[in-house]
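# Reading the structure
Here are the chains, one letter per residue:
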Amino acid sequence: MTQPQEGAAEVPVDPVKPPETGGARHSGKFEAGPKLKRTRVSGTWIAVIVALIVLVFLLVFILQNQDTATVHFLGMSGSMPLAVAMLFSVIAGGALVALVGGARILQLRKQAKKSRHQLR
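Residues numbered from 1 in each chain as written. Predicted model: local features only at pLDDT ≥ 70, side-chain atom pairs only at ≥ 80, totals over all residues. Heavy atoms only, no water.

If you look the protein chain up in an unreviewed UniProt entry, it shows as DUF1049 domain-containing protein from Amycolatopsis alba DSM 44262.

## Looking at the overall build of the protein chain
As a reminder of what qualifies: Numbered from the N terminus, helices here are DSSP runs of H or I no shorter than four residues, and strands are runs of E no shorter than two. For the exposure calls, accessible area comes from a 1.4 Å probe over protein chains only, and a residue counts as buried if that area is under 20% of its type's maximum, exposed if over 50%, partly exposed in between.
Helix and strand content of the protein chain: 2 helices and 2 strands. Scored against the burial criterion, the 120 residues of the protein chain give a buried share of 3%.

## Side note on the layout of surface pockets
Over the atoms rolls a probe the size of a water molecule, and in doing so it shows where empty space is left. Inclusion rule: Only protein atoms enter the 1 Å grid used here, on which a cavity is any set of points holding a 1.4 Å probe that cannot leave and a pocket is any open set flanked by protein within 12 Å on both sides along at least five of seven lines; residues with an atom within 4 Å of a point are listed as lining. Grid points are joined across faces, edges and corners, and a volume is the space filled by probe spheres set on the points. Polarity classes work like this: nonpolar for Ala, Val, Leu, Ile, Met, Phe, Trp, Tyr, Cys and Pro, charged for Asp, Glu, Lys and Arg, and polar for all others, with Gly in that last group.
Counted as a void, the largest pocket has a volume near 170 Å³. Lining the largest pocket, in full, are Val-71, Phe-73, Met-76, Ser-77, Gly-78, Met-80, Ala-85, Phe-88, Ser-89 and Ala-92. Looking at the lining of the largest pocket, the elements with two or more residues in it are strand S1 (68-73), strand S2 (76-81) and helix H2 (82-119). Class assignment for the residues of the lining of the largest pocket results in 7 nonpolar, 3 polar and no charged.

## Things to note about unusual backbone geometry
In the Ramachandran plot, Leu-74 falls in the positive-phi region, its phi being about 50 degrees despite a non-glycine side chain. Inspection of the secondary structure assignment puts Leu-74 in the loop between S1 and S2. The exposed category is assigned to Leu-74, whose relative accessible area is 72%.

## With respect to the pairing of S1
Threshold: We treat two strands as partners when DSSP finds at least two bridges between them.
Where S1 lies against S2, 6 bridges are found, and the strand directions are antiparallel. Bridging across to S2, His-72 finds its partner in Ser-77. If you look at the hairpin formed by S1 and S2, you'll find 2 residues sitting between the two strands, and Leu-74 has a positive phi there, around 50 degrees.

## Remarks on the packing of helix H1 (residues 40-64) against H2
As a reminder, the rule being used: Axes here mean lines fitted to C-alpha atoms, for a helix over just the part in contact, with angles spanning 0 to 180 degrees between N-to-C directions. Each angle is binned into one of four classes, with values under 35 degrees roughly parallel, values over 145 roughly antiparallel, values of 65 to 115 roughly perpendicular, and all other values oblique. Note on definitions: a residue-residue contact is assigned when non-hydrogen atoms from the two residues lie within 4.5 Å.
Running from amino to carboxyl end, H1 crosses H2 at an angle of 135 degrees, the nearest separation of the two axes being 7 Å. Put simply, H1 runs oblique to H2. Residues Leu-58, Phe-61 and Ile-62 of H1 touch H2, and the partners they reach there are Ala-83, Met-86 and Leu-87. By residue class, the composition of the contact of H1 with H2 is 6 nonpolar, no polar and no charged.

## A few points about a nonpolar patch on the surface
The condition that has to hold: Patch members must show over 30% relative accessible area and no salt bridge, and they are joined within 9 Å when carrying like charges or within 5 Å when they are nonpolar side chains of Val, Leu, Ile, Met, Phe, Trp or Tyr. Exposure was quantified through the Shrake-Rupley algorithm and a 1.4 Å probe, taking into account, for residues, occlusion by the shown protein chains and nothing else. The salt bridge criterion pairs a side-chain nitrogen of Lys or Arg with a carboxyl oxygen of Asp or Glu, the two atoms within 4 Å.
A cluster of nonpolar side chains, Val-41, Trp-45, Val-48, Ile-49, Leu-52, Ile-53, Leu-55 and Phe-57, forms an exposed patch at the surface whose accessible area comes to about 840 Å². Tracing the sequence through the fold places Trp-45 in helix H1.

## What about the environment of Gly-78?
With respect to the helices and strands, the residue Gly-78 is situated in strand S2. Its relative accessible area of 32% is what places Gly-78 among the partly exposed residues. Setting aside residues up to four positions removed in sequence, Gly-78 forms contacts with Ala-69, Thr-70 and Val-71.

Structure, rendered in structure tokens:
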């Protein structure tokens, strides 16, 4: 704290009073308005934005990794840019996961259908 200088007038400070709420007590917490429902369209937009960001990173990765690599697969061999070879391996891995996941989904649907028929 500083001492007032000689000749300076002291200004009284009034405490700030909260606005009157008509007798209701305020919790001091932020009260949000009604929550907005998430829709399929909003989820789709979020997925599109995330996909675009991933594609930009993928494009940067491919452009930075243009060194040629020799690839051997099932007795065949060839040369291609390293990033393209890695991209093909990621696509093949994703297809394998989708194939196994799809088979499991079909298995569960068949089991659920069988259970529904037994309940009738």
